[in-house]
Amino acid sequence: MECFSLLRKDIPALIDHLGVFGQVIAPHRKGDASYSFETVTDSSKVVLDYNRTLLPLKKNFFPPVEKLMDFSLKDLSYTTVEVPLEPKVFFAVHSYEMQSILRLDHSMLSGNVESNYLNRRQKSRFVGISFIPDEFHFSESVGITIEELEGFDLYLNEVEDDFQVYVITKKGRSLIQGFNKLRTTEPEIVAERKFKTKIRYHYNRLPRVFQYAYHADVWAEVASRCVGCGSCNLTCPTCFCFDVNDEVTVTAESGMRERTWDSCMLVTFAQVAGGENFREHTVNRTRHRLYRKFKYITDEEGLPWCVGCGRCTAFCPAGISLPEIVNDLIREDEKARHHQRVLV
Amino acid sequence: MKRIEDVKLHEAQDLYYPTMCQVTQARQLTEMEKWYELEMPDGQDLGHSPGQFVEVSAFGIGEAPISISSSPSGTGRFELCIRQIGTLTNVLKKYEAGDLIGIRGPFGKGYPIEKFLGKDILIIAGGIGLVPLRSLINYVLDHRRDFGRLIILYGAKTPAELLFKEEIADWTTRDDVEFYMTVDQGAENWTGNIGVITTLIPGLDLNLNATMAAITGPPVMYKFVIMSLKSKQLADDHIYVSLERRMKCGVGKCGHCQINGVYCCQDGPVFNYSAIKPLEEAL
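Reading guide: rules and limits
- Residue positions are given per chain, counting from 1 as you read along its sequence in written order.
- Starting at A for chains and at 1 for ligands, labels are handed out in the order in which the entities are written.
- Totals for whole chains, interfaces and linings use every residue, but because this is a predicted model, local features are given only for residues with pLDDT of at least 70 and side-chain atom pairs only at 80 or more, for both listing and counting.
- The basis for the side-chain values is all heavy atoms of the structure; hydrogens and waters are excluded.
- Only DSSP runs of H or I covering at least 4 residues are called helices, and only runs of E covering at least 2 are called strands; the numbering of each starts at the N terminus.
- Every radius of gyration here is taken over C-alpha atoms, with the globule rule written as 2.2 Å times N^0.38, N being the number of residues.
- A simple rule labels every residue: compare its accessible area, found with a 1.4 Å probe on the protein chains alone, to the largest value its type can have, and call it buried under 20%, exposed over 50%, or partly exposed in between.
- Per-residue and other accessible areas were derived by the Shrake-Rupley procedure at a 1.4 Å probe size, with only the shown protein chains allowed to occlude residues.
- Neither His nor the chain termini are counted; the positive set is Lys and Arg, and the negative set is Asp and Glu.
- By convention, the charge on Lys lies at NZ, on Arg at CZ, on Asp at CG and on Glu at CD.
- Each pair of aromatic rings taken from Phe, Tyr and Trp, with Trp reduced to its six-membered ring, is defined by centres within 6.5 Å and is described as stacked if the planes are under 30 degrees apart, edge-to-face if over 60, and tilted in the remaining cases.
- Criterion for a charge above a ring: Lys NZ or Arg CZ within 6 Å of the ring centre, and within 35 degrees of the ring normal.
- What the arc covers is the set of directions going from the helix axis to the C-beta atoms.
- Here a residue-residue contact requires only that any non-hydrogen atoms of the pair lie within 4.5 Å.
- In this scheme, patches are assembled from residues that exceed 30% relative accessible area and form no salt bridge. Like charges are connected within 9 Å, while nonpolar side chains (Val, Leu, Ile, Met, Phe, Trp, Tyr) are connected within 5 Å.
- When a carboxyl oxygen of Asp or Glu is within 4 Å of a side-chain nitrogen of Lys or Arg, the pair counts as a salt bridge.
- Buried area: the sum, over both parts, of the accessible surface (1.4 Å probe) that disappears when the two are put together.

Chemist: How should I be thinking about the overall build of chain B in this particular structure?
Modeler: Counting its secondary structure elements, chain B contains 7 helices and 15 strands. Over its C-alpha trace chain B gives a radius of gyration of 19 Å, about what one expects of a compact globule, namely 19 Å for 283 residues. Along the three orthogonal principal directions, the C-alpha set of chain B runs to about 55 × 45 × 35 Å. Going through the 283 residues of chain B one by one, you find that 57% of them count as buried. Surface exposure of chain B reaches about 11700 Å², of which carbon and sulfur atoms provide 49%. Each charge class in chain B can be summarised by its mean position, and for the 28 positive and 35 negative side chains these summaries are 4 Å apart.

Chemist: Before we go on, may I ask you to explain the packing of aromatic side chains in this structure?
Modeler: Geometrically, a pair of aromatic rings is defined through the distance of the ring centres and the angle of the planes. Overall, the coordinates contain 26 aromatic pairs over all chains when judged by the stated rule. Between Tyr-111 of chain B and Phe-116 of chain B, the aromatic rings sit 6.1 Å apart at their centres with planes inclined by 45°, giving tilted as the arrangement. No difference in accessibility class separates Tyr-111 of chain B from Phe-116 of chain B, as the two residues are buried. Ring pairing ties together the aromatic residues Phe-210, Tyr-214, Trp-219, Tyr-291, Phe-294 and Tyr-296 of chain A, which thus form one cluster. Positioned above the aromatic ring of Tyr-214 of chain A, the side-chain terminus of Arg-287 of chain A is 3.8 Å from the ring centre. It is Arg-134 of chain B that lies over the ring of Phe-164 of chain B; its NZ or CZ is 4.2 Å from the centre.

Chemist: Explain helix α1 (residues 11-18) of chain A to me, please; I cannot follow it from the model alone.
Modeler: Two residues of an α-helix separated by three or four positions point the same way, owing to the 3.6 residues in each turn. All buried positions along α1 of chain A are accounted for by Ile-11, Leu-14, Ile-15, His-17 and Leu-18 of chain A. Buried residues in α1 of chain A, looked at end-on, bunch into an arc of 160°, giving them a common side.

Chemist: What should I look at first to understand the environment of Arg-27 of chain B in this one?
Modeler: Residue and element names in this part refer to chain B. Within the secondary structure, Arg-27 sits in strand β1 (residues 19-28). Separated by 18 residues in the primary sequence, Arg-27 and Leu-9 have C-alpha atoms spaced 44 Å apart. Beyond its immediate sequence surroundings of up to four residues, Arg-27 is in contact with Lys-34 and Trp-35.

Chemist: I keep staring at the environment of Cys-232 of chain A and nothing clicks. Help me out?
Modeler: All names here are of chain A. For Cys-232, the position within the fold is in helix α7 (residues 231-235). The exposure class of Cys-232 is buried, given its relative accessible area of 14%. In the structure, Cys-232 is positioned 79 residues away from Arg-311 in sequence and 7.2 Å away in space, judged by C-alpha atoms. What Cys-232 contacts, discounting residues up to four positions off in sequence, is Met-265, Arg-289 and Cys-312.

Chemist: Just checking my understanding: could you explain a nonpolar patch on the surface for this structure?
Modeler: All names here are of chain B. A surface patch of nonpolar side chains, amounting to about 330 Å² of accessible area, comprises Val-220, Phe-224 and Met-227. One can find Phe-224 in helix α5 (residues 221-231). Of the residues examined, Phe-224 reaches a relative accessible area of 46% and is grouped as partly exposed.

Chemist: Got a minute to help me understand the interface of chain A and chain B in this structure?
Modeler: How big an interface is tends to be expressed through the accessible area that disappears when the partners come together. The interface is formed by 57 residues belonging to chain A together with 44 residues belonging to chain B. When chain A packs against chain B, the two sides together hide about 4500 Å² of surface, and 57% of this comes from carbon and sulfur. When the area that chain A buries against chain B is broken down by residue, the three leading residues are Leu-76, Asn-112 and Phe-278 of chain A, summing to 14%. Counting the contacts that link chain A with chain B gives 5 salt bridges.

So, in structure tokens, the structure goes:
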């Protein structure tokens with residue numbers, strides 16, 4: 001692996017250079033306490049030290065609101081929406097975020113291959129960056145280290161306030177072609193950046209915990225605090241549920257069909273016409289969300305579908321913590337097992 | 001895990017565009033249900049198998065999953081029977097011959113016909129559960145010699161809610177159909193059975209090894225019907241159910257129809273009972 005050193009002050013020049021390939025999307029400050037992935041118009045405004053953006057990077061491939069077609073109510077015809085193949089560089093992306101995109105690829109491209117998503121994912125390049133975990137990050141517990149390089153084309157590792165640039169793919173090599181502020185160097189071991197939040201078990205032990213956790217007391221306790229707002233789903237980088245709705249113009253002559261992100265925590269999510277609701281209670285929905293992250297897809301793919309970004313916990317208005325739920329399930333499981341042993 | 005490098009651009013599918021189909025006939029069957037015959041444009045055929053569903057849409061209103069009620073005809077025509085119970089279906093109430101309806105599909109897994117060949121087919125339909133099962137009934141009648149007995153149990157709330165009355169009259173008189181019907185509440189001129197659908201099961205004389213049961217009805221019905229069939233000693237893997245869920249996209253993406261980890265729109269709506277028995281959210 002090629003490795004270069006890069007001074008912090010030269011980062012804007014690197015971003016400008018990446019702009020030759022295509023649009024650069026990077027973290028920006030939004031308000032006093034929030035960050036957002038936005039298109040770079042002034043490379044000096046890009047934020048390198050951020051904890052997490054409010055909305056995940058997936059919004060670029062699977063937009064929160066997306067037009068599927070325009071239709072005419074006069075002749076009941078419709079016109080299709082073409083998603084252009086645009087070269088884009090996603091800059092200063094954390095490892096858990098990259099891993100979420102790889103999981104989203106699986107969700108949108110396995111089985112039926114969705115054209116809208118695939119087109120947006122074409123010609124995308126990723127430049128990773130290291131980060132200092134805050135009290136909500138726990139990605140190490142789901143198998144994703146800070147320096148996990150999978151999916152990235154380039155990776156910026158912060159070393160004593162400046163950076164080392166790792167060249168991971170040929171695409172990454174061509175991104176820095178002709179950029180003259182890099183100096184060849186050897187990769188340095190960085191002093192350990194510790195996670196403050198942890199799931200007590202290694203993630204490969206979690207499927208067994210969830211296998212027996214379906215009727216755990218934990219669910220009712222969590223549900224009693226949940227306000228059912230769906231923020232956890234809306235900020236989750238691996239959630240991909242959506243709804244489809246028609247919008248009609250004021251003249252009632254035309255309109256569009258669009259899809260919007262949906263949330264399995266909302267009470268109407270599994271409700272059908274006539275009023276039957278197949279996940280009527282918060283306790284059912286809380287459990288479903290966690291099983292989507294740690295059991296259903298995990299059983300098939302062998303990986304947790306949670307990447308440990310900490311968003312659902314950081315942005316929950318009721319202060320519900322996902323790693324705490326998992327740790328509580330582990331505790332309840334151990335207790336049940338302990339009693340079993342006593343009985344034997 | 002599926003990786004983007006493994007996907008070719010030409011594999012991409014436009015999953016959400018409907019085909020505009022013309023209503024060729026429409027008839028209000030009961031106060032709540034209307035029957036439609038539709039035709040695909042340009043000589044296309046829907047190409048469905050019994051038990052599958054389509055996404056039906058009206059622009060400006062939206063989409064909903066609806067069972068296909070006809071057996072595969074190969075003529076480009078197919079039938080739906082729709083209860084007027086939601087936003088879209090109440091708009092469809094006004095649709096008549098000549099109107100255009102958006103159709104996506106067919107979607108999901110229907111009945112495994114290859115496993116039904118040569119077997120006795122036991123149909124158990126509650127209410128509008130008859131609508132999807134009619135695709136199977138008519139398939140069996142279209143290929144009558146390929147199957148054993150055809151036993152149909154049909155229950156409705158009241159005589160006024162009975163669907164497909166002309167076909168029922170035909171099933172009642174045919175020698176090669178054993179048809180039994182009941183209503184929960186009788187009416188003035190009703191001389192038939194009164195009682196829930198499970199009351200029709202104990203009297204059946206079934207050849208257990210040769211019988212395949214197909215059940216569709218309101219959610220509350222399944223447990224009781226399955227209990228009755230179990231007391232007749234019918235094996236789990238001889239029982240098929242078709243389940244209703246909010247199958248919004250029909251292509252295994254949107255998440256609304258999940259039954260635990262299973263997508264009803266992809267793995268169902270027809271399931272073998274032994275496959276969904278362990279799923280807590282199924283029945």
